[in-house]
Amino acid sequence: MTGPRLRQDLAQLPAYTPGRPAVTGTSGLGPGHKLSSNENPYPPLPSVLQAVAEQSAAFNRYPDMSATHLTAALASRFDVPVDDIAVGAGSVGVLGQILAAVVAPGDEVVYAWRSFEAYPILVQVAGATPVPVPLTPDERHDLGAMAAAVTDRTRLVLVCSPNNPTGTAVRRAEFEQFLDRIPDDVLVVIDEAYHEFVTDPDVPDGLDLYRGRSNVAVLRTFSKAYGLAGLRVGYLIAHSPVAAAVRRTAPPFAVTALAQAAAIASLSARDELHDRVDALNQGRTRVEAALTGQGWALVPSQANFVWLRTGRDSAAFTAACAANGVTVRPYGDEGVRVSIGTPDADDAFLATAAAWRAQACCHWVLVSGYVVAIEYGTSYRVVNARGQVRSTLQANQTFDMLADSRDLGALLEALLRETPAASPPESLIAKAGSSASIAAPGPGGSGPLSGEPDRPPTSQHQVADRQFYWAG
Ligand SMILES: Cc1ncc(COP(=O)(O)O)c(C=O)c1O
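Residues numbered from 1 in each chain as written. Predicted model: local features only at pLDDT ≥ 70, side-chain atom pairs only at ≥ 80, totals over all residues. Heavy atoms only, no water.

Engineer: Looking at this structure, how should I read the overall build of the protein chain?
Structural biologist: Helices and strands together make up the secondary structure of the protein chain, namely 15 helices and 17 strands. Across the 472 residues in the protein chain, those meeting the buried criterion constitute 51%. Counting contacts in the protein chain only where the partners sit at least 6 residues apart, residues at least 24 apart contribute 69% of the total. Total accessible area on the protein chain stands at roughly 20300 Å², and carbon and sulfur atoms take up 55% of it. (Helix = DSSP H or I, 4+ residues; strand = E, 2+ residues; numbered from the N terminus. Buried < 20%, exposed > 50% of the residue type's maximum accessible area, 1.4 Å probe, protein only. Contact = heavy atoms within 4.5 Å. Areas by Shrake-Rupley, 256 points an atom, 1.4 Å probe, with all protein chains shown as cover.)

If you want it as structure tokens, here you go:
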């Protein structure tokens, strides 16, 4: 028996990795904090709970398939025609409907990468070809490259702003220039799942862009700022031909009556929800300031999370957080995304981050009189044996390069290539390249590193030892 024939290409799809559930720290810090899914950490508002409770007496009935009241409430809130609205089971459900409405096999969908991990999955499920365009070194959408990636096969461009997981948002002028370059018959969907957390006045409201352009649509959700992640409701605002097509591809009754009631009640609870968003944004400001103070290099976030370029240490950092009862979201060897939570959750995360930094930035090695100190995500320094800085690098691009360095000789060479002014003699590079002369200074060895006067060197390192923090 061979069984039913399934789509061969499904096995090739990347799996969606949900944020892991809360853990309890092994260090006895009490109940865990889930900072892995960008959820709103506050419990449902009483008025929303009440609306859901009332609705729950009737769940023997199918919901209103057209979500008439919710659609009307959204139309009135955003001052758009009801015909321009399509709702679905979470914005991810709406995105599936959009793809079903827009792409045929072989069509191309352009999006930035790294971005929301559902994009490549949904695009391939729809039979279309993903065209991921790498982010810029400062973690932003590369709009020039994205516009250049549009071909006559392109049917859809996704712009995630603020971007998950990096938190960066597209600014008004660059956005308009970009849209000017996209053909009218290509739909641009601005995924604004985190729109409510945006505080930068230079970041446009996607609805303003939609109002002026027939090929621009805005995708939003009740999952994040509104705190309805578990109820699954999202919506698209698009010009009526697009919205109508997206309604047509909806699975019948996808948005439950409970979700519709909760969303309507949430739209009426504007002030309370605004206060919660405000609290989370204050949390973001506090977390970013604390992390920066600890020496982390951050790109400012416009969402309810922060992004740390932890490189190959992402799994180790994630494990360190888990050991302290904090669940964060690692992305392979790229980085870690940490949601803003309640103040105590943020404190628990910051304590782990501080401990990690204190450990990581003490890692240094002595190479023929030069100390190479690796500072986590911020800088890489070559200092001489008396602690005088010979060169300092501050670059994400350097980070990638260092992350690929397999031995310290290559690392040092790479450092010196980047900063020729600080180059020690060729003989030193050769010697370092041979790896034989590398030793760790003992206490009192080479003196403090610049800017870190109170942190003595702590660790012994072998050149090819993974204990050495390649990226920090
Ligand atoms: C950018 C982005 N878009 C869409 C979603 C989907 O949210 P939902 O399906 O819960 O509305 C998420 C969730 O993490 C997201 O980060």
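Structure shown, so let's carry the discussion forward.
Engineer: Help me understand the sheet that holds strand E3 (residues 108-113) in this model?
Structural biologist: Working definition: the strands of a sheet are paired by backbone hydrogen bonds and lie parallel or antiparallel to each other. Here seven strands make up an open sheet; going across it, the order is E2-E8-E7-E6-E5-E3-E4 and the pairing mixed. Only two strands of the sheet have a single neighbouring strand rather than two, namely strand E2 (85-88) and strand E4 (129-134). The mean angle between the axes of side-by-side strands here comes to 20°, regardless of whether they run parallel or antiparallel. Bridging between strand E7 (residues 216-221) and strand E8 (residues 234-237) involves four bridges; their strand directions are antiparallel. Counted as the bridge partner of Thr221 is Gly234 from E8. Taken strand by strand, helix H4 (residues 118-125) contacts E3, E4, strand E5 (154-160) and strand E6 (187-191), and its axis lies near 170° from that of E3. (Pairing = 2+ DSSP bridges. Axes fitted to C-alpha atoms, helices over the stretch in contact; angles between N-to-C directions.)

Engineer: I'm lost on the nonpolar core in this one. Help?
Structural biologist: Inside soluble globular proteins, nonpolar side chains tend to come together where they are buried. If you look at the biggest cluster of nonpolar residues, it comprises 53 residues, and the most contacted ones within it are Leu70, Leu74, Met146, Val157, Phe178 and Phe222. Ranked by residues supplied to this core, first place goes to helix H9 (residues 257-268) with seven residues. When near neighbours in sequence (up to four residues on either side) are disregarded, Met146 contacts Val110, Tyr111, Ala112, Val133, His141, Val157, Leu158, Val159 and Phe178. Counting residues in each nonpolar core, the second largest holds 27 residues, with Tyr194, Ala303, Leu308 and Ala345 among its members. (Core = buried A, V, L, I, M, F, W, Y, C linked by side-chain atoms within 4.5 Å.)

Engineer: Just to check I follow, could you spell out the packing of aromatic side chains for this structure?
Structural biologist: The geometry of an aromatic ring pair comes down to the distance between the two centres and the angle between the two planes. Under the criterion given, the structure shown has twelve aromatic pairs. Look at Phe78 and Tyr235: their rings are 5.9 Å apart centre to centre, the planes differ by 25°, and that puts the pair in the stacked class. Placement of Phe78 in helix H2 (residues 68-78) and of Tyr235 in strand E8 is noted, with a sequence separation of 157 residues between them. For Phe78, a relative accessible area of 13% gives the class buried. On the accessibility criterion, Tyr235 (1% relative accessible area) is buried. With a centroid separation of 5.6 Å and an interplanar angle of 75°, the aromatic rings of Trp307 and Tyr331 are classed as edge-to-face. Taken together, the positions of Trp307 in strand E9 (residues 305-308) and Tyr331 in strand E11 (residues 329-331) put the pair 24 residues apart, joining distant regions of the chain. Here Trp307 matches Tyr331 in class, with each residue buried. Feature note: the residues Phe78, Phe222, Tyr226 and Tyr235 constitute an aromatic cluster, connected by ring pairs. (Phe/Tyr/Trp six-rings, centres within 6.5 Å; stacked < 30°, edge-to-face > 60°.)

Engineer: For this particular structure, what's the right way to read unusual backbone geometry?
Structural biologist: Generally, phi is negative for residues other than glycine and the peptide bonds are trans, each holding for most cases. Ser161 connects to Pro162 through a cis peptide bond whose omega is -5°. Along the polypeptide, Pro162 turns up in the loop between E5 and helix H6 (172-181). In the segment running from Asn164 into Pro165, the intervening peptide bond is cis, with an omega of 15°. Tracing the chain through its elements places Pro165 in the loop between E5 and H6. Although it is not a glycine, Asp79 adopts a positive phi angle of roughly 55°. With respect to the element layout, Asp79 can be found in the loop between H2 and E2. Taking relative accessible area as the criterion, Asp79 reaches 64% and is therefore assigned exposed. Unlike most non-glycine residues, Glu139 shows phi in positive territory, near 70°. Counting through the fold element by element, Glu139 comes out in the loop between E4 and helix H5 (143-148).

Engineer: Where do I start with helix H8 (residues 240-248) in this structure?
Structural biologist: Think of an α-helix as 3.6 residues a turn; residues three or four steps apart then line up on the same face. Listed as buried for H8 are Val242, Ala243, Ala244 and Val246. For H8, the elements touching its buried residues are E2, helix H3 (90-102), E6 and E8.

Engineer: Sorry, what's going on with the packing of helix H1 (residues 46-56) against H9 here?
Structural biologist: To characterise two packed helices, one gives the angle between the axes of the helices and the distance between these axes. It is the contact of H1 with H9, at a shortest axis distance of 8 Å, that shows an interaxial angle of 150°. By the angle class used here, H1 and H9 are roughly antiparallel. Along this stretch, H1 crosses H9, giving a crossing that reads as right-handed. For the pair H1 and H9, the contacting residues are Ser47, Val48, Ala51, Val52, Gln55 and Ser56 in the first and Ala257, Leu258, Ala261, Ala262, Ala265 and Ser266 in the second. Each residue belonging to the contact of H1 with H9 can be placed in one class, and the counts come to eight nonpolar, four polar and no charged. (Parallel < 35°, antiparallel > 145°, perpendicular 65-115°, else oblique. Left-handed = near helix turned anticlockwise from the far one by under 90°. Nonpolar A, V, L, I, M, F, W, Y, C, P; charged D, E, K, R; others polar.)

Engineer: Which parts of the structure should I look at to understand the site of the ligand?
Structural biologist: In the neighbourhood of the ligand, 13 residues make up the surrounding shell, with Ser91, Asp191, Tyr194, Thr221 and Ser223 lying closest. At 2.6 Å from an oxygen atom of the ligand is found a main-chain nitrogen or oxygen belonging to Ser91. Contact distances for the ligand include 2.6 Å between an oxygen atom and a side-chain N or O atom of Ser223. The fraction of the free accessible surface of the ligand (400 Å²) that becomes covered by protein chains is 93%. (Near = heavy atom within 4 Å. Polar contact = N/O pair within 3.5 Å; in protein donor to acceptor, adjacent residues only side chain to side chain.)

Engineer: What am I meant to see in the environment of Val94 here?
Structural biologist: Locating Val94 in the fold gives a position in helix H3. With 160 residues separating them in the primary sequence, Val94 and Ala254 have C-alpha atoms 9.9 Å apart. Here Val94 is in contact with Ala86, Val87, Gly88, Leu219, Gly234, Tyr235, Leu236 and Val246, once residues within four sequence places are set aside.

Engineer: What is the right way to read the pattern of salt bridges from this model?
Structural biologist: Pairs can form between side chains of opposite charge whenever their charged atoms are close. Enumeration according to the criterion identifies 13 salt bridges in this entry. Measuring nitrogen to oxygen at the nearest pair gives 2.3 Å for the salt bridge that ties Glu117 to Arg329. Of this pair, Glu117 sits in the loop between E3 and H4 while Arg329 sits in strand E11, and the two are 212 residues apart along the sequence. As far as the burial class goes, Glu117 and Arg329 line up, both buried. Here Asp205 and Arg220 are joined by a salt bridge, their closest N and O atoms 2.8 Å apart. Taken together, the positions of Asp205 in the loop between E6 and helix H7 (206-212) and Arg220 in strand E7 put the pair 15 residues apart, joining distant regions of the chain. According to the relative accessible area criterion, Asp205 is partly exposed, its value standing at 25%. Several salt bridges converge on common partners, so that one network encompasses Glu192, Asp205 and Arg220. (Salt bridge = Lys/Arg side-chain N within 4 Å of Asp/Glu carboxyl O.)

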